[in-house]
There are 2 protein chains.
Amino acid sequence: EDASVPPKESELRCQCISTHATIIPPSKIQDVRLMQSGPHCSNVEVIVTLKDGRQICLDPTRNWVKVIIKAILKK
Amino acid sequence: EDASVPPKESELRCQCISTHATIIPPSKIQDVRLMQSGPHCSNVEVIVTLKDGRQICLDPTRNWVKVIIKAILKK
């Protein structure tokens, strides 16, 4: 199973085991979800839903992830 | 019914009728969802889930919304 695909949302733990390494063009993205760190998970997590329905975890510390989020907000 | 609360996610149209005007402290936020504009809705939409479970629409063009997203990403 692809570790960068998050499990069911209801499970109260970190949802991302690993993160997707290659850049994803904003045009492929349906929505982006930023999960605040908390008791359930000490990491901030970024889960992207692609237009084809797949969900992929991204690394919030990577610059290109921040650039994508900025680009979506600017539209 | 509070217009800044989004309807069920599955409905394919804009989810935010209006947006919450006052600043929400990041500490109250569980997660932030950025919905890309598309055929279903011409606006970029920002839906915040608070730690108390409420969902609130924010205006992606407001500076404080961008600042909150940046703050969450920096943690």
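Residues numbered from 1 in each chain as written. Chains lettered and ligands numbered in written order. Predicted model: local features only at pLDDT ≥ 70, side-chain atom pairs only at ≥ 80, totals over all residues. Heavy atoms only, no water.

Undergrad: Is there a simple way to think about the pairing of strand 3 (residues 55–58) of chain A in this case?
TA: Consecutive side chains along a regular strand alternate between the two faces of the sheet. Residues and elements named next belong to chain A. Pairing of strand 2 (residues 45–50) with strand 3, which is carried by four bridges, proceeds in the antiparallel orientation. For Thr49, the partnering residue across the bridge sits in strand 3 and is Gln55. Connecting the antiparallel pair strand 2 and strand 3 is a turn made up of four residues, with Gly53 showing a positive phi of about 95°. (Pairing = 2+ DSSP bridges. Helix = DSSP H or I, 4+ residues; strand = E, 2+ residues; numbered from the N terminus.)

Undergrad: I tried to follow the interface of chain B and chain A on my own but got confused; where do I start?
TA: Where interface size is quoted, it is often the accessible area lost as the parts come together. Taken together, the contacts link 20 residues of chain B with 20 residues of chain A. Regarding the contact of chain B and chain A, the summed buried area is about 2,000 Å², with carbon and sulfur atoms giving 58% of it. Sorting the residues of chain B by area buried against chain A places B:Leu34, B:Gln36 and B:Leu73 first, and these three jointly supply 37% of that buried surface. Where chain B meets chain A, there are two salt bridges. Of the charged contacts in the structure, one is a salt bridge between B:Asp31 and A:Arg33, with a shortest N-O distance of 2.8 Å. Of all the secondary-structure elements, those providing two or more residues to the side of chain B that touches chain A are strand 1 (29–35) and helix 1 (63–74) of chain B. Among the elements that make up the side of chain B that touches chain A, the one with the highest residue count is strand 1 of chain B (seven residues). Looking at the side of chain B that touches chain A, its residues break down into eleven nonpolar, four polar and five charged. Of the strand pairs in this sheet, strand 1 (residues 29–35) of chain A and strand 1 of chain B are connected by five bridges, and their pairing is antiparallel. Opposite A:Asp31, over in strand 1 of chain B, you have B:Met35 as the bridge partner. (Contact = heavy atoms within 4.5 Å. Buried area = accessible area lost by both parts, 1.4 Å probe. Salt bridge = Lys/Arg side-chain N within 4 Å of Asp/Glu carboxyl O. Nonpolar A, V, L, I, M, F, W, Y, C, P; charged D, E, K, R; others polar.)

Undergrad: Looking at this model, I keep getting lost on the relation of the copies chain B and chain A. Mind explaining?
TA: Look at the two chain copies: a rotation about an axis and a shift along it is all it takes to match them. Take chain B, turn it by 180°, move it 0.0 Å along the axis, and it overlays chain A with an RMSD of 0.0 Å. The symmetry that links the two subunits is that of a two-fold axis. Proximity to the rotation axis, assessed at the C-alpha, singles out B:Arg33 in chain B; its C-alpha lies 2.2 Å from the axis. (Least-squares fit on C-alpha atoms with pLDDT ≥ 70 in both.)

Undergrad: Mind showing me how you'd approach the pattern of salt bridges here?
TA: One side chain can pair with another of opposite charge once the charged atoms of both are near each other. Residue and element names in this part refer to chain B. Applying the stated rule across the entire model yields four salt bridges over all chains. Among the ionic pairs, Asp52 bridges to Arg54, the shortest N-O distance being 2.9 Å. The exposure class of Arg54 is partly exposed, given its relative accessible area of 47%. (Buried < 20%, exposed > 50% of the residue type's maximum accessible area, 1.4 Å probe, protein only.)

Undergrad: Sorry if this is basic, but what is going on with the state of the cysteines here?
TA: Here, the word disulfide means a covalent bond between the sulfur atoms of two cysteines. Residue and element names in this part refer to chain A. Across all of its chains, the model carries four disulfides over all chains by this definition. Two residues, Cys14 and Cys41, share a disulfide whose sulfurs are 2.1 Å apart. Disulfide Cys14-Cys41: the torsion about the S-S bond is 95°, which places it as right-handed. Taken together, the residues span a long stretch of sequence, with Cys14 in the segment before strand 1 and Cys41 in the loop between strand 1 and strand 2 at a distance of 27 residues. (Disulfide = S-S within 2.5 Å.)

Undergrad: How should helix 1 (residues 63–74) of chain A be read in this particular structure?
TA: Since there are 3.6 residues in each turn of an α-helix, residues three or four apart along the chain are aligned in direction. For helix 1 of chain A, with twelve residues, the first-to-last C-alpha span of 17 Å sits near the 16 Å given by 1.5 Å per residue. Restricting attention to buried positions, one finds in helix 1 of chain A the residues A:Trp64, A:Val65, A:Ile68, A:Ile69, A:Ile72 and A:Leu73. Where the residues of helix 1 of chain A are buried, they touch strand 1, strand 2 and strand 3 of chain A together with strand 1, strand 2 (45–50) and helix 1 of chain B. (Expected span 1.5 Å × (residues − 1).)

Undergrad: I'm lost on the environment of B:Glu45 in this one. Help?
TA: Residue and element names in this part refer to chain B. Within the secondary structure, Glu45 sits in strand 2. Considered as a pair, Glu45 and Arg13 are 32 residues apart in the sequence and their alpha carbons are 11 Å apart. Those residues in contact with Glu45, other than ones at most four positions away along the chain, are Cys14, Gln15, Cys16, Arg33, Leu34 and Met35. Only 2.7 Å separates the side chain of Glu45 from the backbone nitrogen of Cys16, close enough to count as a polar contact. (Polar contact = N/O pair within 3.5 Å; in protein donor to acceptor, adjacent residues only side chain to side chain.)

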